[in-house]
Amino acid sequence: MAEAAAFLRMRGVDGPFALALVTGTGLGPLADRVEDPVAVAYGEIPHFPASGVSGHAGRLVAGRLGGKPVLLFQGRAHAYEHGDAAVMRVPVGVVAALGGPPLLLTNAAGSLLAEAGPGRLALITDHINLSGMNPLIGEPSDARFVPMVDAYDPGLRAALKDAAGLSSVPLHEGVYAWFSGPSFETPAEIRMAKTLGADLVGMSTVPEVILARFFGLRVAALSLVTNYGAGFAAGAPHHDETKRVAADAADDVGRLVTALLSGDFLRST
Ligand code: HPA
């Protein structure tokens, strides 16, 4: 972590940042909106995990968005790629080491909400970890007992809702269930998730939220709905559909995040 942060400082990437962002499947084009970008490939950064998923670029971009300094992770590594729920420990730790700005995670997700179909955005209010994994397993310190009440920061959520209103981007809300993937869920698993109280399903984000809270970062997360959960509507989810729908809706995410940064929303949280 310290080594990665020192390397990034040497490359001119240093805080304070107004916001750190992780872009999920198809949302990488947000990086194109960053002004005066300094980009560093993940492969160059000590101890950074590689992401081999198509639709994920794998570089860190520092620059300005909505007039504010941001640190954008273009692509993430997933537990299902590495068999390790802690695969994002160094990237999340680096956010803390470079000044600890609020962290906004984005992902592509399946929806269990009839009113939030493909192309819609949803703010994650809470999560259900159905993966059986946790990124803090093996962490020796008592800091591993991380409280998870209001893990999705209420102030950041309010700021995101205000920014959505200002930018006229419809924003749904819901509980996100983490399935390990990489296979999509079965219809029976989707019915179970719905019964348990989930509104969204996906294969990322939850371990990063746990790590963010471990490192003391304020964190929020946005899902871009790319499909309905398996069996919820005709057809089955496909990765190609996920990438295409996410790319189409990336513009909404860009407007929302730019509005979040250009207003005083973050300051007032
Ligand atoms: N399930 C899990 N992850 C996903 C989905 C889904 O339906 N869509 C996009 N990511």
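Provided above is the structure to which this section pertains.
Residues numbered from 1 in each chain as written. Predicted model: local features only at pLDDT ≥ 70, side-chain atom pairs only at ≥ 80, totals over all residues. Heavy atoms only, no water.

**Student:** Please set out the side chain of Ser223 residue by residue, giving values where relevant.
**Tutor:** As for its placement among the helices and strands, Ser223 is situated in strand β9 (residues 219–228). We classify Ser223 as buried; its relative accessible area is 0%. Polar contacts involving the side chain of Ser223 include one to the side chain of Asn107, which spans 2.7 Å. Not counting residues up to four positions away in its chain, the partners in contact with Ser223 are Asn107, Ala109, Arg120, Leu121, Ala122, Ile124, Tyr176 and Leu200. (Helix = DSSP H or I, 4+ residues; strand = E, 2+ residues; numbered from the N terminus. Buried < 20%, exposed > 50% of the residue type's maximum accessible area, 1.4 Å probe, protein only. Polar contact = N/O pair within 3.5 Å; in protein donor to acceptor, adjacent residues only side chain to side chain. Contact = heavy atoms within 4.5 Å.)

**Student:** Describe the layout of surface pockets, listing the residues and the values that go with them.
**Tutor:** Each pocket or cavity is described by its volume, and for the largest pocket that value is around 340 Å³. Elements represented by at least two residues in the lining of the largest pocket include exactly β5 (103–111), β8 (200–202), β9 and α7 (239–262). The element that contributes the greatest number of residues to the lining of the largest pocket is β5, accounting for 4 residues. Partitioned by chemical class, the residues of the lining of the largest pocket number 10 nonpolar, 12 polar and 2 charged. (1 Å grid on protein atoms, 1.4 Å probe; cavity = no way out; pocket = protein on both sides within 12 Å on 5 of 7 lines; lining within 4 Å. Points joined across faces, edges and corners; volume = space filled by probe spheres on them. Nonpolar A, V, L, I, M, F, W, Y, C, P; charged D, E, K, R; others polar.)

**Student:** Hey, could you go over the packing of aromatic side chains for me, with residue numbers and the actual values?
**Tutor:** Following the criterion strictly, the structure yields 4 aromatic pairs and no others. Between Tyr42 and Phe48, the aromatic rings sit 5.4 Å apart at their centres with planes inclined by 55°, giving tilted as the arrangement. Assessed through its relative accessible area of 11%, Phe48 is described here as buried. Where Phe48 meets Phe73, the ring centres are 6.3 Å apart and the plane angle is 10°; that geometry is what we call stacked. Taken together, the positions of Phe48 in the loop between β2 (35–41) and β3 (59–65) and Phe73 in strand β4 (residues 68–74) put the pair 25 residues apart, joining distant regions of the chain. (Phe/Tyr/Trp six-rings, centres within 6.5 Å; stacked < 30°, edge-to-face > 60°.)

**Student:** Please give an account of the nonpolar core that cites residues and values.
**Tutor:** With 48 residues, the main nonpolar core has Leu8, Ile45, Leu71 and Leu103 as its most contacted residues. No other element matches the 6 residues that helix α6 (residues 206–214) contributes to this core. Ignoring anything within four residues of it in the chain, the contact list for Leu103 reads Ala20, Leu21, Val22, Val92, Val95, Ala212, Leu217, Arg218, Val219 and Ala220. Ranked by size, the runner-up nonpolar core spans 33 residues in total, among them Leu30, Leu72, Leu156 and Ala249. (Core = buried A, V, L, I, M, F, W, Y, C linked by side-chain atoms within 4.5 Å.)

**Student:** Run through the site of the ligand, naming residues and quoting values.
**Tutor:** In the neighbourhood of the ligand, the contacting residues comprise Ala108, Ala109, Gly110, Phe184, Glu185, Val201, Gly202, Met203, Thr226, Asn227 and Thr242. Between Ala108 and the ligand, the recorded distance is 3.3 Å, taken from a backbone N or O atom to a nitrogen atom. Residue Thr226 places a side-chain N or O atom 3.5 Å away from a nitrogen atom belonging to the ligand. Out of a free accessible area of 260 Å², the ligand has 95% covered by protein chains. Among the cavities detected, the one that contains the ligand is the largest pocket. Counting only elements with at least two residues in the shell around the ligand, the list comes to β5, β8 and β9. If one sorts the elements of the shell around the ligand by residue count, β5 sits on top with 3 residues. Taken together, the residues of the shell around the ligand sort by class into 5 nonpolar, 5 polar and 1 charged. (Near = heavy atom within 4 Å. Areas by Shrake-Rupley, 256 points an atom, 1.4 Å probe, with all protein chains shown as cover. Sits in = over half its atoms within 2 Å of the grid points.)

**Student:** So, the side chain of Thr205: which residues are in play, and what are the values?
**Tutor:** Tracing the chain through its elements places Thr205 in the loop between β8 and α6. Within polar-contact distance, the side chain of Thr205 engages the side chain of Ser204 at 3.1 Å. Residue contacts for Thr205: discarding those within four places in its chain leaves Arg76, Leu105, Asn107, Ile124, Tyr176 and Ala221.

**Student:** Please set out unusual backbone geometry residue by residue, giving values where relevant.
**Tutor:** Following Gly15, the chain continues to Pro16 via a peptide bond in cis, the omega torsion being 5°. Positionally, Pro16 belongs in the loop between α1 (2–10) and β1 (19–23). Geometrically, the link from Gly181 to Pro182 is a cis peptide bond, its omega value of 0° lying close to zero. Backbone geometry places Asp150, a non-glycine residue, at a positive phi of 55°. Of note, Asp150 is situated in the loop between β6 (121–129) and α4 (154–166). The backbone of Thr205 sits at a positive phi, close to 70°, despite the residue not being glycine.

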